[in-house]
Amino acid sequence: MGHPTIEAYEDPAGGWGSAKSLVEILTREEIPISGAAMLMKQNKPDGFQCVSCAWAKPEKPSTFEYCENGAKATAWEQTRKRIGPDFFERHTVSELLGWSDYDLEEGGRLTHPLRYDPASDRYLLVSWEDALAEIGQELRGLDPKSVVFYASGRASLETSYMYGLLARMYGNNNLPDSSNMCHEPTSVGLKQSIGVPVGTTVLKDFESTDCILFFGQNVGSNAPRMLHPLQDARRRGVPIITFNPLRERGLERFTNPQSPLEMVAKSSTRISTQYHQLKAGGDIAAITGICKALLAADRAAQATGGVGVIDHGFIAEHTHGFDEFVRYCDGQAWPVLERRSGLKRADLEATAVVYGNAERVIGIYGMGLTQHRKGTETVQMLVNLMLLRGNIGKPGAGICPVRGHSNVQGQRTVGISEKPELVPLDRLKEQYGFEPPREKGLNTVEACEGILSGAVKGFVALGGNFVRAIPDTERMEAAWRRQRLTVQISTKLNRSHLVHGEISYILPCLGRIEIDEQASGRQVVSMEDSTSCFHGSTGVAHPVSDQVRSEPWIVAGLAKAALAPNPRIDWDAWVGDYAKVREAIESTYPAVFENFNARLFEPGGHHKPLAARERRWETATGKANFAVPAGLNEDPDLPPRGPEVLDLITLRSNDQFNTTVYGYHDRFRGVKGIRDVLFMHAADVARLDLADGETVDVVTESADGYVRSVQGLRVVTYDIPEGNCAGYYPELNVLIPLWHHDEQAKTPAAKAIPVRIAKTRRSADAN
Ligand SMILES: Nc1nc2c(c(=O)[nH]1)N[C@H]1C(S)=C(S)[C@@H](COP(=O)(O)OP(=O)(O)OC[C@H]3O[C@@H](n4cnc5c(=O)[nH]c(N)nc54)[C@H](O)[C@@H]3O)O[C@H]1N2
Ligand SMILES: Nc1nc2c(c(=O)[nH]1)N[C@H]1C(S)=C(S)[C@@H](COP(=O)(O)OP(=O)(O)OC[C@H]3O[C@@H](n4cnc5c(=O)[nH]c(N)nc54)[C@H](O)[C@@H]3O)O[C@H]1N2
Ligand SMILES: [Mo]
């Protein structure tokens, strides 16, 4: 990782830095530059869908329809490096527990099915036949209610549909997915407010929007391809107003690395026209202020005989709860809004002026809104603002949650949900002739609670790195080991393999980039992007080993091993031809997947119907609902806190995909060679008698009796609001108490965790 350096980065997002970073990773993963031709197939109609983020893919892809981080994801999956049984001859599991996330995955692709052997403390080679037989036998021996089927949002629609069916035929709805840690407040909040659990914006809306509000999403690192429509919008003069505690480079300036002209001229586009560095958890207060300013402007306009600033026609015809919402806004005092948001009244009024003058506004957001104790209310507060001027259900406008994993939204669409009411269970019953379980299943937080209490005894994971992604690492790891059975379907080694149950398997699978040959020939799969658009995907690279299996093959294998045969499901036929799975999906969801096989490769994909886009409101009131928050605090935590308690934000660097750490270079934030850092405001550094570069320990402020601490973080003085600090996920997950989650959606609140900071005591003092 080299010598750690911290220095301000002056270049725009994209640009030459991005090109250089790409060459570095292709070289490190030993991918010959000719192999980089693979990248030309990324997000193309005849190629594969990128395995990185879920951002929409355009109808007319450019030659290089990938970004720096998408290319890194490809290089990471297609690395020449391998982890086979010989790797475990050299390393015991206990030894590997001391390795970093980076070192574990950097070992390469998993090539063989493995079973944990307690006698030697190693994973040993096992045949697929024996693996599936023992897992099946164990699953049959466990109470179905005690087993969890997790999914990390990468697996295809086909695999996900089969996986959901496996869980339900086995006997539970315990189907949490990464969405539970991510955009669940979107699913819950938008459904209540506007009747759809997903965003209403499509790529085309970016072409005609005339204002963009951007809350809590780090586009330059986490959805870089979105910088293209943002840049286009800016060129048309569209204002972009950003609310983010940190000054993220992608939200400031962008050079398109795929434009020779911009690269040579070193020109860049200014992205945000206003940048408001609010306090973590200050969004409810900030948006309340904007709404308050709009309502005031509206009254003033009406008093002078004008038509007003808010869309009274839309509100009367389409919404419910407006009067109560107005009373709420009127009841909030400016000084309180200023204190809680950390912004000035003038900033919020300035936003209101721009917003009020625009006809078609898009409201974009990410984890900065959802990962809070009041994440759902915060999302709904943004919807309230959109509703004031009818910005839902018209071209060029809409709400735009930026989803995480490339098929996380799609997994929910085809039945990976712990909420039985979201799945057409009667239809499944009719189609497959079994009685689907009707009681609610476990979401991520409840699964963790079940593991802590001992109620959960078996855990099957379709991808991901659950143990590392969840809060309360120390408590959870200890409890995790008490499980009877853990099964991980994975491409790369990670900590969730090392912290394992009594009986534990690693089942290696093909990645989406690889060619998938089955009985009927070469298979294609499908996914849904952030804008509810379905795309087909075709693998192009050779499988990493002849011992890896496709995800549908593995899920079918588990189903055949664990379930009694069902004459209406021929798992082998599905595996032989995924088109048959798509037919089954269409039959379960006829309205959403009409003509699925025929439309799979339509240029630009095809959209699923969304009632809210047509201003049909599938809510309890039949209208779009204004939702009044219970208070201004996104994080109503502990009783009075002293000034020494800071709010910690955990976030991603530019060199990682979730728990997958590609490297130690967070270029835009100027941090190289180190991840153990704590970004702090200079005034807090001084007030706490610390110094830049000094090493500190961080302890969570919690009244539940557990001590959660991280030692040895390096202080980096940074442009972040006073009272906030920030550091990297997943290293800091140990600091997040499990109870620190959104009340409604139960999403772990990974932003604004109350912590205390102190100088690291040298080991001599500590003894
Ligand atoms: N390269 C890459 N791409 C990714 C991922 C990755 O790890 N790497 N992860 C994928 C996944 S699963 C997801 S969910 C997305 C995540 O993408 P993001 O939603 O961008 O997630 P974070 O990195 O957590 O960053 C959240 C942003 O919110 C800001 N923020 C923090 N607290 C607050 C707050 O209280 N209010 C406001 N307004 N802003 C706040 C932070 O400063 C940061 O800029 O990206 C996806 N794409
Ligand atoms: N503190 C804190 N915690 C967070 C967050 C945060 O912002 N802060 N963000 C949360 C969010 S938004 C999310 S989405 C979760 C992410 O949680 P997860 O989705 O569980 O984690 P990932 O890191 O994406 O999983 C990486 C692993 O997936 C496996 N994998 C990769 N590709 C494939 C594939 O094609 N098939 C299969 N079967 N396996 C594959 C590899 O083995 C790899 O090691 O973390 C959450 N945790
Ligand atoms: Mo996510």
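Above: the structure in question.
Residues numbered from 1 in each chain as written. Chains lettered and ligands numbered in written order. Predicted model: local features only at pLDDT ≥ 70, side-chain atom pairs only at ≥ 80, totals over all residues. Heavy atoms only, no water.

**Notes on the overall build of the protein**
How we decide: Only DSSP runs of H or I reaching four residues or more are called helices, and only runs of E reaching two or more are called strands; each is numbered from the N terminus. To get the radius of gyration, use the C-alpha atoms; to get the globule rule, take the number of residues to the power 0.38 and multiply by 2.2 Å. Buried residues are those whose accessible area, probed at 1.4 Å on protein chains only, stays under 20% of the maximum for their type, while exposed residues exceed 50% and partly exposed ones sit between those limits.
Helix and strand content of the protein: 31 helices and 34 strands. In terms of overall dimensions, the protein is globule-like: its C-alpha atoms have a radius of gyration of 25 Å, near the 27 Å expected for 767 residues. Principal-axis analysis of the C-alpha atoms gives the protein an extent of 80 × 70 × 55 Å. Here the protein holds 767 residues, and 65% of them are scored as buried.

**Notes on the site of ligand 1**
Under the convention used in this document: We call a residue near a given molecule or strand whenever any one of its heavy atoms falls within 4 Å of it. Whenever a nitrogen or oxygen atom comes within 3.5 Å of another N or O atom, the pair is scored as a polar contact, on the condition that within protein one atom can donate a hydrogen and the other can accept it, and that pairs from neighbouring residues in sequence are kept only if both atoms are in side chains. Only the protein chains shown count as covering a residue, and every accessible area follows the Shrake-Rupley method with a 1.4 Å probe. For each domain, the first and last residues come from an automatic or database assignment.
Taken together, 30 residues are adjacent to ligand 1, and Glu248, Gly281, Asp283, Gln656 and Asn658 come closest. A distance of 2.9 Å separates an oxygen atom of ligand 1 from a polar side-chain atom of histidine 372. Relative to its free-state accessible area of 920 Å², ligand 1 is covered by the protein chains to the extent of 99%. Taken together, the elements giving at least two residues each to the shell around ligand 1 come down to α10 (219-222), α18 (367-370), β25 (645-651) and β26 (656-657). Both domains that meet at the shell around ligand 1, namely domain 3 (185-402) and domain 4 (645-766), each give it at least three residues.

**Things to note about the nonpolar core**
Applied cut-off: As used in this record, nonpolar core signifies buried Ala, Val, Leu, Ile, Met, Phe, Trp, Tyr and Cys residues forming a set joined through side-chain atoms within 4.5 Å. Throughout, a contact is declared for two residues whenever any of their heavy atoms are within 4.5 Å.
Counting 58 residues, the largest nonpolar core has Tyr161, Tyr163, Leu165, Leu507, Trp571 and Trp574 as the members making the most contacts within it. The residues contacting tryptophan 571, other than those within four sequence positions of it, are Met162, Leu165, Leu166, Met169, Ala556, Ala559, Lys560 and Leu563. Of all hydrophobic cores here, the second largest spans 54 residues; its members include Val361, Leu387, Ile399 and Trp617.

**Some details on the site of ligand 2**
The condition that has to hold: The residue classification treats Ala, Val, Leu, Ile, Met, Phe, Trp, Tyr, Cys and Pro as nonpolar and Asp, Glu, Lys and Arg as charged. All others, Gly included, are polar.
Inspection of the region around ligand 2 gives 33 residues, with Glu105, Tyr150, Glu551, Thr659 and Tyr729 positioned closest. Between arginine 154 and ligand 2, the recorded distance is 2.9 Å, taken from a side-chain N or O atom to a nitrogen atom. Taking glutamine 371, its side chain carries an N or O atom lying 3.1 Å from an oxygen atom of ligand 2. Taken by itself ligand 2 offers 930 Å² of open surface, and the protein chains cover 96% of this. Within the residue set of the shell around ligand 2, elements represented by two or more residues are α23 (466-469) and β17 (485-490). Grouping the amino acids of the shell around ligand 2 by side-chain chemistry returns 12 nonpolar, 15 polar and six charged. Residues from two domains meet in the shell around ligand 2; each of domain 2 (82-182 + 425-509 + 548-576) and domain 4 (645-766) gives at least three.

**Some thoughts on the pairing of β25**
Convention followed: For two strands to be treated as a pair, DSSP must find at least two bridges joining them.
Within β25, seven of the seven residues are buried, which leaves the element mostly enclosed by the surrounding structure. Burial of the side chains of β25 extends over both faces: Val645, Asp647, Ile649 and Leu651 are buried on one face and Leu646, Leu648 and Thr650 on the other. Looking at chain direction, β25 and strand β33 (residues 724-728) are connected through five bridges and run parallel. Its bridge partner lying in β33, threonine 650 is registered against glycine 727.

**Observations concerning the packing of helix α1 (residues 15-28) against helix α2 (residues 68-77)**
Note the following rule: Helix axes are fitted only over the stretch in contact, all axes being lines through C-alpha atoms; the angle between N-to-C directions runs from 0 to 180 degrees. Angular relationships are summarised with four words: roughly parallel below 35 degrees, roughly antiparallel beyond 145, roughly perpendicular across 65 to 115, and oblique for the angles in between.
Where α1 meets α2, the closest approach of the two axes is 9 Å, and the angle between their N-to-C directions is 0°. What the angle tells us is that α1 and α2 run roughly parallel. Mapping the contact onto sequence places Ser18, Ser21, Leu22, Ile25, Leu26 and Arg28 in α1 and Glu68, Ala71, Lys72, Ala75 and Trp76 in α2. Grouping the constituent residues of the contact of α1 with α2 by class yields six nonpolar, two polar and three charged.

**Section: unusual backbone geometry**
Going from tyrosine 729 to proline 730, the amide bond is cis rather than trans, its omega being 5°. By the secondary structure assignment, proline 730 is in the loop between β33 and β34 (753-759). One non-glycine residue, aspartate 689, lies in the positive phi region at around 60°. Tracing the sequence through the fold places aspartate 689 in the loop between α30 (682-687) and β31 (695-700). By relative accessible area, which is 53% here, aspartate 689 ends up exposed. The phi torsion at alanine 752 lies on the positive side, around 65°, for a residue other than glycine. Relative to the elements of secondary structure, alanine 752 occurs in the loop between β33 and β34.

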